[in-house]
Amino acid sequence: MQNKSELRQLLLTARNAISAEKKLLWDKQLGEKIMAWWSIHRVHTIGVYWTMRGEPDLNAAYATLTELGVQLALPVVVSDNAPLKFYPWTPGDAVIKDRYGAAVPAKLHTELLPQALLIPCVGFNPQRFRLGYGGGFYDRTLALLPRPQTIGVAYANAETTFAADLYDVALDMVMTPSTTF
């Protein structure tokens, strides 16, 4: 079995090879699934992510959630070995790039504790463990209590096999355009 670093590179290469047309379709399908999930769960605060490195683009769903009164929040890395913190964000608000290239709110107001998190996955396994970019930020965040509901978001070609490490935390569910795990 290959190591996570090699697997991550293979998955990123496969994600980057997806055609623009297919990504648009899959992003729309993912957005519809997220809205269907929300229509059942009706959480008031959701931690979301700023699309980067070919991740699924959920901006249309973010706009709809905002129109429905949901408070969105973007994650912020506060230090290398700390959990993420989430700060309010609404589509259209000013953002700045952090050292990892992720957009964060330009003004950090009061920290929020989201009821649910949409978490991008470079890869995931059938046990719903996530392979991210290797920083461990989401695992440290998910180890905290109270833990928000967690939804991994990925394209179907991100499903793979790997052994979870001791510190890895399984997600509650993973959504792809065609399947929910």
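For clarity, every value in this text was computed on a predicted model and none was experimentally measured.

(A) Looking closely at unusual backbone geometry. Cis peptide bonds are those with omega within 30 degrees of zero, and the linkage from L145 to P146 qualifies with -5°. Tracing the sequence through the fold places P146 in the loop between α4 (137-142) and β9 (149-153). A positive phi angle, close to 55°, is found at R53, a residue other than glycine. Mapped onto the elements, R53 comes out in the loop between β1 (45-47) and α3 (59-67). With a phi angle near 70°, R128 is a residue other than glycine that sits in the positive phi range. Tracing the sequence through the fold places R128 in the loop between β7 (123-124) and β8 (130-131).

(B) Local environment of α3. All of the buried residues in α3 are A61, Y62 and L65. Seen from one end, α3 has its buried residues packed into an arc of 105°, which puts them on one side. The exposed set on the far side of α3, more than 90 degrees from its buried face, consists of A60 and E67. For α3, the secondary structure elements touched by its buried residues are α2 (20-41), β1, β2 (71-76), β3 (85-89) and β6 (116-120). Following α3 by one or two positions, G69 adopts a phi angle in the positive range, close to 95°.

(C) Region of interest: empty space enclosed by the protein. Evaluation of the coordinates by the stated rule reveals 1 cavity of 30 Å³ or more. Roughly 40 Å³ of internal volume is contained in the largest cavity. Looking at the largest cavity, the residues that line it are L11, R15, C121, V122, Y155, N157 and A158. Residue classes in the lining of the largest cavity are distributed as 5 nonpolar, 1 polar and 1 charged.

(D) Structural context of the packing of α2 against α3. Following both chains from N to C, one finds α2 and α3 inclined at 30°, their axes separated by 8 Å at the closest point. Classified by the angle their axes make, α2 and α3 are roughly parallel. Seen from above, α2 lies across α3 with right-handed handedness. Here α2 contributes G31, M35 and W38 to the contact with α3, which in turn contributes A61, T64 and L65.

(E) The layout of surface pockets, seen in detail. Volume-wise, the largest pocket comes out at about 660 Å³. Looking at the lining of the largest pocket, the element that brings in the most residues is α4, giving 4 residues. Considering only residue class, the lining of the largest pocket consists of 17 nonpolar, 4 polar and 10 charged. Its volume calculated, the second largest pocket comes out at about 280 Å³. In terms of lining, the second largest pocket is formed by 18 residues, of which the most central are E111, L113, T141, L144 and P146. Residue classes in the lining of the second largest pocket are distributed as 13 nonpolar, 2 polar and 3 charged.

(F) Representation of the environment of E55 in the model. For E55, the location among the structural elements is in the loop between β1 and α3. Remark: the alpha-carbon pair of E55 and I18, spanning 37 residues in sequence, is separated by 11 Å. Setting aside residues no more than four positions away along its own chain, E55 makes contact with R15, K23, Y49, W50, P120, Y133 and Y155. Here Y133 takes part through its side chain, which lies 2.8 Å from a polar atom of the side chain of E55.

Thresholds applied
- Residues numbered from 1 in each chain as written.
- Predicted model: local features only at pLDDT ≥ 70, side-chain atom pairs only at ≥ 80, totals over all residues.
- Heavy atoms only, no water.
- Helix = DSSP H or I, 4+ residues; strand = E, 2+ residues; numbered from the N terminus.
- Buried < 20%, exposed > 50% of the residue type's maximum accessible area, 1.4 Å probe, protein only.
- Arc of directions from axis to C-beta.
- Contact = heavy atoms within 4.5 Å.
- 1 Å grid on protein atoms, 1.4 Å probe; cavity = no way out; pocket = protein on both sides within 12 Å on 5 of 7 lines; lining within 4 Å.
- Points joined across faces, edges and corners; volume = space filled by probe spheres on them.
- Nonpolar A, V, L, I, M, F, W, Y, C, P; charged D, E, K, R; others polar.
- Axes fitted to C-alpha atoms, helices over the stretch in contact; angles between N-to-C directions.
- Parallel < 35°, antiparallel > 145°, perpendicular 65-115°, else oblique.
- Left-handed = near helix turned anticlockwise from the far one by under 90°.
- Polar contact = N/O pair within 3.5 Å; in protein donor to acceptor, adjacent residues only side chain to side chain.

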